[in-house]
Structure formats: C-alpha cells, structure tokens
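Architecture and fold: a report
Here's the letter readout for the chains.
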Amino acid sequence: MPQRFRLDFHGAGVQRDLRAAAARGLLLGAEHVLAESTAVVPLDEGPLQNSGMASVDEGTLTAAVSYDTPYAVRQHEELDYRHAPGRTSKYLEGPLNESRAQVRDLIAAELRRALR
C-alpha cells in the first residue's frame, strides 16, 4: 500500500526569502569589491578613495560599486598616469575581475542560509 504524506509548499515565501538572501549576498559581494578596489585606488588619501560606495537594487538584483568625484572616471581609464606603488588605473575593473569567485561564494552562502 502506498504511503501517504502531506506537503505544504510556500512558494511565495520561499521566493521572497531567496530574493532577500540574493540581495544580501550581492551587497556583501559589492562591499568586498569596494574594499579590494579601495586598496588600489590611485589617490589613496582624499576624496576619490573616500567617495567609494557599494549599493544593491533589490528590485532588479543588481549591485553597483562606484566612486563619485569629477575625476573618478578619468583616473580609472587613463593607463598612462603614474601612480604611487600599489595604486593603479582600472581600480574597479581589476578587483571586480579578480574577485568573481569570492563574490559568487558570498552570494551562494547567503542563498544556502536562506534554504535552511
């Protein structure tokens, strides 16, 4: 005789919890990239370094890391500028590409926590 069982599936609640976990993971990932980029930002004392910010749009599950000074883009893109040792142009692009695995792991960890 087949066994009977009851399954209550709360799909909407699970989806809500997973989206919130994904947003938390994205923010942790963006903050990680921000920390890594702050360590190599060309102007290590002053407005450029201090203007770094990580944010997440929970509606689209999109993360952003940005610097907000009039010269942030130029400092990022000009490969011919001379910088102090350990500082570089492409201060966002490099750390982002180098941190892909860590960001992925941070997001995955938050999703696993939500599924417990």
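Note on numbering: residues in each chain are counted from 1, in written sequence order. With the structure being a predicted model, the display of local features is reserved for residues of pLDDT at least 70 and the display and counting of side-chain atom pairs for 80 or more, all residues being used for whole-chain, interface and lining totals. To get the side-chain values, take all heavy atoms of the structure and skip hydrogens and water.

Considering the pairing of strand 2 (residues 62–66)
At least two bridges found by DSSP between two strands is the condition for calling them paired. Strands here mean DSSP runs of E at least two residues long; helices mean DSSP runs of H or I at least four residues long; both are numbered from the N terminus. Where strand 1 (residues 53–57) meets strand 2, 5 bridges bridge the pair, whose relative direction is antiparallel. In the sheet register, Met 53 faces strand 2, and the bridge partner there is Ser 66. The antiparallel hairpin formed by strand 1 and strand 2 contains 4 residues in its connecting segment, where Leu 61 sits at a positive phi of about 50°.

Some remarks on the nonpolar core
Working definition of a nonpolar core: buried Ala, Val, Leu, Ile, Met, Phe, Trp, Tyr and Cys residues. They are joined through side-chain atoms within 4.5 Å. Here the term buried applies to any residue with accessible area under 20% of the maximum for its type, exposed to any over 50%, and partly exposed to those in between, with areas from a 1.4 Å probe on protein chains only. Counting 7 residues, the largest nonpolar core consists of Leu 34, Val 41, Leu 48, Tyr 67, Ala 72, Tyr 91 and Leu 92. Ignoring sequence-local partners within four residues, the contact set of Val 41 consists of Leu 48, Gln 49, Tyr 67, Arg 87 and Tyr 91. Every residue pair with non-hydrogen atoms within 4.5 Å of one another is taken to be in contact.

Points about the side chain of Ser 99
If you trace the backbone, Ser 99 turns up in the loop between helix 4 (93–98) and helix 5 (100–115). Given the relative accessible area of 3%, Ser 99 is considered buried. Whenever a nitrogen or oxygen atom comes within 3.5 Å of another N or O atom, the pair is scored as a polar contact, on the condition that within protein one atom can donate a hydrogen and the other can accept it, and that pairs from neighbouring residues in sequence are kept only if both atoms are in side chains. At 2.8 Å, the side chain of Ser 99 forms a polar contact with the backbone oxygen of Pro 95. Setting aside residues up to four positions removed in sequence, Ser 99 forms contacts with His 32, Val 33 and Glu 36.

Looking at the confidence of the model for the chain
Every residue gets a pLDDT, meaning the predictor's confidence in that residue, from 0 to 100. Here the chain averages 94 in pLDDT, and 99% of its residues register 70 or above. Taken element by element, the predicted model of the chain shows its lowest mean pLDDT in helix 2 (residues 47–50) (93) and its highest in strand 1 (98).

Looking at unusual backbone geometry
A positive phi angle, close to 50°, is found at Leu 61, a residue other than glycine. By the secondary structure assignment, Leu 61 is in the loop between strand 1 and strand 2. Classification of Leu 61 by relative accessible area gives partly exposed; the value is 26%. In this model, Lys 90 sits at a positive phi of 55°, which is unusual for a non-glycine residue. Its location among the elements puts Lys 90 in the loop between helix 3 (72–77) and helix 4.

Details of the pattern of salt bridges
Each reported salt bridge corresponds to a side-chain nitrogen of Lys or Arg within 4 Å of a carboxyl oxygen of Asp or Glu. Following the criterion strictly, the structure yields 7 salt bridges and no others. Linking Lys 90 and Glu 93 is a salt bridge whose minimum nitrogen-to-oxygen distance equals 3.5 Å. Since its relative accessible area comes to 23%, Lys 90 is described here as partly exposed. Among the ionic pairs, Arg 104 bridges to Asp 105, the shortest N-O distance being 3.2 Å.

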